Structures are given as structure tokens and as C-alpha cells.
Protein chains: 2
Amino acid sequence: MEHMSLDPEIAARLKRNPEGLVPAIAQQYDTGEVLMLAWMNDEALHRTLTTGRATYWSRSRQEFWVKGDTSGHVQHVKSVALDCDGDTLLVRVDQVGAACHTGERTCFDADVLG
Amino acid sequence: MEHMSLDPEIAARLKRNPEGLVPAIAQQYDTGEVLMLAWMNDEALHRTLTTGRATYWSRSRQEFWVKGDTSGHVQHVKSVALDCDGDTLLVRVDQVGAACHTGERTCFDADVLG
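Conventions adopted
Residues numbered from 1 in each chain as written. Chains lettered and ligands numbered in written order. Predicted model: local features only at pLDDT ≥ 70, side-chain atom pairs only at ≥ 80, totals over all residues. Heavy atoms only, no water. Phe/Tyr/Trp six-rings, centres within 6.5 Å; stacked < 30°, edge-to-face > 60°. Buried < 20%, exposed > 50% of the residue type's maximum accessible area, 1.4 Å probe, protein only. Helix = DSSP H or I, 4+ residues; strand = E, 2+ residues; numbered from the N terminus. Pairing = 2+ DSSP bridges. Least-squares fit on C-alpha atoms with pLDDT ≥ 70 in both. Contact = heavy atoms within 4.5 Å. Buried area = accessible area lost by both parts, 1.4 Å probe. Salt bridge = Lys/Arg side-chain N within 4 Å of Asp/Glu carboxyl O. Polar contact = N/O pair within 3.5 Å; in protein donor to acceptor, adjacent residues only side chain to side chain.

What follows is about the packing of aromatic side chains. Residues and elements named next belong to chain B. One pass over the structure, following the stated rule, counts four aromatic pairs over all chains. Taking 5.3 Å as the distance between ring centres and 45 degrees as the angle between the ring planes, the aromatic pair formed by Tyr-56 and Trp-65 counts as tilted. A relative accessible area of 0% places Tyr-56 in the buried class. For Trp-65, a relative accessible area of 27% translates into the label partly exposed.

Here it is in C-alpha cells:
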């Protein structure tokens, strides 16, 4: 794994949690739907920026997770933005099919509180 | 601080990080803009659900942060959803003025990568 493959200028501005991860919000680029939140390390961000496919670090499986590789529910990356604090990413994507593993379009559709 | 004031049925489903926090994505309810990401503990979520004002836990100041109390840039809560894993909140709000402390409308406006 080449941690150094991320642009050093970007890497210098990222503020990671103790596990070396940054939360990444995936948003449908045209409708504005918030699809899901996942996590990226430096290499996942590098791959997301260079391959055009949203790529996360799976905390449960401890491995890279190219969204859609098993489900077909690919996220084509339109843009990636870093927030003012350098500790959150906003990934605008074109989501194929359902973003959520439950089959819902987004991970926030099923459980509205209050 | 009354940790137990959050609805126990909701509290039982929340998956918190080691600091007892859950990331909360704030989204403008009508335009879909992703405004910012902040963090909530149980009490902040309870206050958000019951007061109609988005209330976070400030990790830097280690205190509750009622968004807009000092800046005037209040977030009026429209709905709160929990994701499929129970570890992320989506807070739909009506944002008064700028969400970002820099004066930008959102915290993701200034730094698009690549």
C-alpha cells in the first residue's frame, strides 16, 4: 500500500482521526440527495481522485472498498471537496442504483426520528 | 448533563465512536446543499430533536454548541434521520446565512480537490 501516492499538498491538509480516516459524505451530484457516509484513508482518497470510482476504507472488513464492485451500485465521481477544517470530504457522485445495502436509494431513507 | 433524556428507543440504536459521538451531516432542506459536518452526543441529539435548533457537541471546546448562538447563523431543524447502520445522522435544516465560520455558505465551497 502506497500511502505516499496521495498528492502531498492534499495530504498535508487532511486531518485524520486516530485510525487515519476522514469521513466522506457521498452526495448525488444533480439531485443533491445525501446518499451515505463512509470513511477514507489517504490511499482511498487518492484512488477516488484518480480512478473516478468512489473508493472507501471499510472499517468492518479493514480493506479498500470500491463502491459497487460487488453490488454493481457504482459511484462515478464528479468532484471531491475538503471542508474548511480539513477533516471531512464531500464526494459528489453519480450513483448507479441504490446507495444503501438495504436496497434503499440512500442510507437515510428508512429511519426518520421524532 | 442528562444523558438519559434521549428517547431510550433511539439511544439503543445509536452507534457512537469511542468519544460517545456520532457524525451529523447538516443539509439545507430545500436546496439539498450539504452545509457542514459536526458531531452529536446523546444529549445534543435530544436537544436537536426537542428544541428545533441544531445542537452539536464541540470537540474543540468540549461543550454543547447551539449553532448560531454566537454568529446568528441559526439552523432551524426540519427533520433528523438515522442511517442504516445507526452511526450517522442526517439533519435537514433551514440555515440562516452562512453555515461556515469562514463566511462561505457551506464548509465545502472553498476547497475542491483535483
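Here we come to helix H2 (residues 42-51) of chain A. Those residues of H2 of chain A not exposed but buried are Asp-42, Glu-43, Ala-44, Leu-45 and Thr-48 of chain A. With its phi angle positive at about 80 degrees, Gly-52 of chain A sits one or two positions after the end of H2 of chain A.

All right, on to the pairing of strand E1 (residues 22-28) of chain B then. Looking along a regular strand, one sees side chains alternate from face to face of the sheet. Residues and elements named next belong to chain B. Summarising burial for E1: seven of the seven residues are buried, a large majority. Of the two faces of E1, the one holding Val-22, Ala-24, Ala-26 and Gln-28 and the one holding Pro-23, Ile-25 and Gln-27 are both buried throughout. Pairing of E1 with strand E2 (residues 34-40) involves six bridges; the strand directions are antiparallel. The partner of Val-22 across the bridge, within E2, is Met-40. Connecting E1 to the next strand, E2, in antiparallel fashion are five residues, including Gly-32 with a positive phi near 85 degrees. With five bridges connecting them, E1 and strand E6 (residues 89-95) associate as parallel partners. The partner of Ile-25 across the bridge, within E6, is Leu-90.

Turning to the sheet that holds strand E6 (residues 89-95) of chain A, a few remarks are in order. Within a sheet, neighbouring strands are paired by backbone hydrogen bonds and run either parallel or antiparallel to one another. Pairing in this open sheet of five strands is mixed, and the strands run E2(A)-E1(A)-E6(A)-E5(A)-E7(B) from one edge to the other. Either end of the sheet is taken by a strand with one partner, and the two such strands are strand E2 (34-40) of chain A together with strand E7 (112-113) of chain B.

Below, the discussion takes up the relation of the copies chain A and chain B. Mapping chain A onto chain B calls for a screw motion: a turn of 180 degrees about the axis and a shift of 0.0 Å along it, with 0.0 Å RMSD after fitting. The relationship between the two copies is best expressed as a two-fold rotation axis. It is Gly-32 of chain A whose C-alpha, among those of chain A, lies nearest the rotation axis, at 2.4 Å. Interface overlap between copies is the fraction of interface residues in one copy that are interface residues in the other; for chain A against chain B it reaches 100%, indicating a shared surface.

What follows covers the interface of chain A and chain B. The interface of chain A with chain B comprises 30 residues on the first partner and 31 residues on the second. The junction of chain A with chain B conceals about 2600 Å² of combined surface from both sides, 66% of it contributed by carbon and sulfur atoms. Along the contact surface separating chain A from chain B lie four salt bridges. Taking the shortest distance from any N to any O, the salt bridge between Arg-13 of chain A and Asp-111 of chain B comes out at 2.2 Å. The tally of links between chain A and chain B comes to twelve residue pairs in polar contact (both at pLDDT 80 or more).

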